Amino acid sequence: MSLKRQIYFWLGSLALFAGFIYLFSPILLPFIAGMALAYLLDPIADRLERLGMGRLLATVTILLLFVVAFALVLLLLLPVLGGQLAGFLEAIPGLVGALQTLVMENFGDQLRAISGIGGEELKSSVGALLGEGAGWIGGLVKSVWSGGQALLSLAALFVVTPVVAFYLLLDWDRMVARIDGWLPLHHREVIRALARDMDRAVAGFVRGQVSVCVLLGLFYAIGLAVVGLNFGLLIGIGAGLVSFIPYVGATLGLVVSLGVALVQFWPDWMSIGLVMLVFGAGQFLEGNVLQPKLVGGNVGLHPVWLMFALFAFGYLFGFVGMLIAVPAAAVIGVLTRFALAQYMASSLYYGPGGRPLVEGDEEGSDV
């Protein structure tokens with residue numbers, strides 16, 4: 001009965017937490033962003049404390065530097081990106097039409113031979129396909145831009161988040177100690193071990209992946225701008241920021257860049273090849289340098305599981321769900337591995353009176 005009560009207690013707590021997130025998700029963004037910021041900056045505050053700086057002074061110094069750097073980045077990039085975004089959305093219909101004409105004039109015979117469809121029908125099919133893809137991308141960008149501003153209240157985000165981050169960062173160690181004191185005495189060491197595994201998984205991925213996304217965004221943006229691609233800065237930064245979803249950022253950026261490059265540079269294959277080279281070099285840099293150095297291979301988050309978590313939490317809780325998807329996926333992964341280890345060591349796996357097989361055993365288990 002004790003085990004059943006524990007299971008009911010934790011399942012009920014999980015249900016209450018999920019219900020709270022679902023009910024208050026429209027207003028939680030500044031608070032979750034503040035918690036994430038405090039979590040990301042806590043190791044820096046701890047290091048400054050070890051160097052002899054007080055916690056209050058370390059917190060104020062870190063947050064001031066972060067806010068100033070963030071404000072400078074916004075002041076430098078936001079006007080440029082806003083102008084490119086507006087121009088890109090206006091240019092989408094013309095780009096689609098030009099790309100359709102280019103494809104039909106240069107590859108129409110090959111497409112007709114492969115598909116067996118007549119010219120006009122094929123032209124309308126290609127146009128519909130390109131139009132739907134462009135419409136989806138444009139709609140996504142517009143919804144994130146306008147809907148995000150209306151629903152998530154960016155003004156509140158910029159005002160509330162630093163305040164929340166300040167108080168959480170200031171009291172982080174005391175909060176952790178207080179929560180540790182609430183743990184059930186009988187299971188305290190097990191919970192502490194699980195919490196350490198969760199922290200390693202979340203910190204290893206989030207802190208490392210944030211750096212990877214920023215560096216990739218800068219690499220793609222600078223590379224595409226050097227090539228001379230229209231809207232290159234917008235496409236490059238967008239592809240870098242979406243790179244937290246495995247393979248999606250680079251693929252989406254490459255598809256959009258190639259579409260723009262074909263219209264802009266055709267028939268200059270050299271420039272089109274340079275656009276592809278930028279993304280190829282970015283993928284090589286990500287896979288061989290950035291990911292191993294900044295993220296590592298032991299965070300315990302499989303790319304498929306990560307993508308599922310992002311889509312699932314985004315569907316259930318909106319934009320706030322996407323923010324908590326990665327830490328939630330890491331926590332669920334740690335708990336699942338723990339539960340599987342308990343199962344593999346229990347009589348449910350070996351059967352009543354069963355025992356682990358050792359090398360040389362010829363008799364099978366009773367299961």
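Counting of residues starts from 1 at the beginning of each chain's written sequence and follows it residue by residue. Given that this is a predicted model, residues contribute local features only at a pLDDT of at least 70 and side-chain atom pairs are listed and counted only at 80 or more, while totals for whole chains, interfaces and linings are drawn from all residues. In computing side-chain values, all of the structure's heavy atoms are included and hydrogens and water are not.

S.K.: Before we go on, may I ask you to explain a nonpolar patch on the surface in this structure?
M.R.: A patch consists of residues exposed above 30% relative accessible area that lack any salt bridge, with like charges linked at up to 9 Å and nonpolar side chains (Val, Leu, Ile, Met, Phe, Trp, Tyr) linked at up to 5 Å. Here the accessible surface of atoms and residues is derived via Shrake-Rupley with a 1.4 Å probe, and residues count as covered only by protein chains that are part of the display. When a carboxyl oxygen of Asp or Glu lies within 4 Å of a side-chain nitrogen of Lys or Arg, that pair is called a salt bridge. Judged by side-chain polarity, V210, V214, L215, L218, I222, V226 and L294 come together as a nonpolar surface patch covering roughly 610 Å² of accessible area. Here a helix means four or more residues in a row that DSSP labels H or I, a strand means two or more in a row labelled E, and each is numbered from the N terminus. Sort the elements by how many residues they give to the nonpolar patch and helix α7 (residues 188–227) lands first, with six residues.

S.K.: What is the right way to read the environment of A195 from this model?
M.R.: Relative to the elements of secondary structure, A195 occurs in helix α7. Residues A195 and V331 lie 136 residues apart in sequence; the distance between their C-alpha atoms is 8.6 Å.

S.K.: How should I be thinking about the pattern of salt bridges in this particular structure?
M.R.: Any two side chains of opposite charge can pair, so long as their charged atoms come close to each other. Across all of its chains, the model carries eight salt bridges by this definition. Between D171 and R174 there is a salt bridge, with the nearest N and O atoms lying 2.2 Å from each other. Given the relative accessible area of 56%, R174 is considered exposed. Of the charged contacts in the structure, one is a salt bridge between R192 and D180, with a shortest N-O distance of 2.7 Å. Of this pair, R192 sits in helix α7 while D180 sits in helix α6 (residues 172–181); the two residues are twelve residues apart in sequence, bridging distant segments of the chain. Judged by relative accessible area, which is 24%, R192 ranks as partly exposed. By relative accessible area, D180 is classed as partly exposed at 23%. Several salt bridges share partner residues, and in doing so they unite D42, D46, E49, R55 and D173 into one network. Residue burial is assigned from relative accessible area. The probe radius is 1.4 Å, only protein chains are included, and a residue is buried under 20% of its type maximum, exposed over 50%, and partly exposed in between.

S.K.: Help me out: how do you make sense of the side chain of S257 in this one?
M.R.: For S257, the position within the fold is in helix α9 (residues 248–265). Judged by relative accessible area, S257 falls into the buried class, the value being 0%. A distance of 2.7 Å separates a polar side-chain atom of S257 from the backbone oxygen of G253. In this analysis, two residues are considered to be in contact whenever any of their non-hydrogen atoms come within 4.5 Å of each other. Excluding anything up to four places from it in sequence, S257 contacts L224, L229, I235, V275 and F279. Any pair of N or O atoms that falls within 3.5 Å is considered a polar contact. Within protein, one atom must be able to donate a hydrogen and the other to accept it, and sequence-neighbouring residues count only if both atoms are side-chain atoms.

S.K.: Can you help me understand unusual backbone geometry in this one?
M.R.: Most peptide bonds adopt trans geometry, and most residues besides glycine take a negative phi value. A positive phi is found at F231, a non-glycine position, where the angle reads about 60°. Among the structural elements, F231 can be located in the loop between α7 and α8 (232–241). Look at F231 and you get buried, because its relative accessible area is 19%.

S.K.: Before we go on, may I ask you to explain the packing of aromatic side chains in this structure?
M.R.: The geometry of two aromatic rings is summed up by the distance between their centres and the angle between their planes. Between rings of Phe, Tyr and Trp, where Trp is taken as its six-membered ring, a pair exists when centres lie within 6.5 Å; planes separated by under 30 degrees are stacked, by over 60 edge-to-face, and by other angles tilted. As enumerated under the stated definition, the model contains seven aromatic pairs in all. Both rings, one in Y39 and one in W172, keep their centres 6.1 Å apart while their planes meet at 50°; by these two values the pair is tilted. You can see Y39 sitting in helix α2 (residues 29–50) and its partner W172 sitting in helix α6, a full 133 residues away along the chain. Neither residue differs from the other here; Y39 and W172 are each classed as buried. For the ring pair F219 and Y220, a centre distance of 6.1 Å and an interplane angle of 65° mean the geometry is edge-to-face. The class of F219 is partly exposed, set by a relative accessible area of 31%. Among the residues examined, Y220 registers a relative accessible area of 0% and is labelled buried.

S.K.: What should I look at first to understand the confidence of the model for the chain in this one?
M.R.: Predicted coordinates in regions of low pLDDT should not be interpreted in detail. A residue's pLDDT is the predictor's confidence in that residue, given on a scale from 0 to 100. For the chain, per-residue confidence averages 76 on the pLDDT scale, and residues scoring 70 or more make up 77% of the total. Ignoring residues within four places in sequence, the model shows residues 143–152, a span with pLDDT below 50, making eleven contacts including any to other chains. Below pLDDT 50 for its whole length, residues 357–367 participates in seven contacts with residues either more than four positions away or in separate chains.

S.K.: Teacher, can you tell me more about α8 here?
M.R.: Structurally, the α-helix is built with 3.6 residues per turn, so residues lying three or four positions apart point the same way. Within α8, seven of the ten residues are buried, leaving the element largely enclosed by the surrounding structure. Here α8 has its buried residues at G232, L234, I235, G236, I237, A239 and G240.

S.K.: Looking at this model, I keep getting lost on the nonpolar core. Mind explaining?
M.R.: General note: in soluble globular proteins, nonpolar side chains tend to be found buried as a group. Core analysis: the largest hydrophobic core is formed by 34 residues, its most contacted members being L41, L63, L169, L310, F313 and V326. When residues of this core are traced back to their parent elements, those giving at least two are α2, α3 (55–115), α5 (154–170), α7 and α11 (303–344). One finds L85, V96, A250 and A261 within the second-largest nonpolar core, a separate group that totals 28 residues. As used here, the term nonpolar core means buried Ala, Val, Leu, Ile, Met, Phe, Trp, Tyr and Cys residues forming a set that is joined through side-chain atoms within 4.5 Å.

S.K.: Would you mind going over α2 with me for this structure?
M.R.: Helix span is expected to be 1.5 Å times the residue number reduced by one. With 22 residues, α2 should cover 32 Å at 1.5 Å per step; its first-to-last C-alpha distance of 32 Å lies within 8% of that length. The largest bend in α2 is about 40°, located at L41, with the proline P43 one to four residues further on. Every buried residue of α2 is accounted for by L29, P30, I32, G34, L37, A38, Y39, L41, D42, A45 and D46. For a residue, the bend is simply the angle between two axes, fitted respectively to the seven-residue segment ending there and the seven-residue segment starting there.

S.K.: When you look at the side chain of D46 in this model, what are you seeing that I'm missing?
M.R.: Note that D46 resides in helix α2. Take D46: its relative accessible area is 18%, and that puts it in the buried class. There is a polar contact of 2.8 Å between the side chain of D46 and the side chain of R55. Residues contacting D46, with those up to four places away along its chain left out, are R55 and D173.

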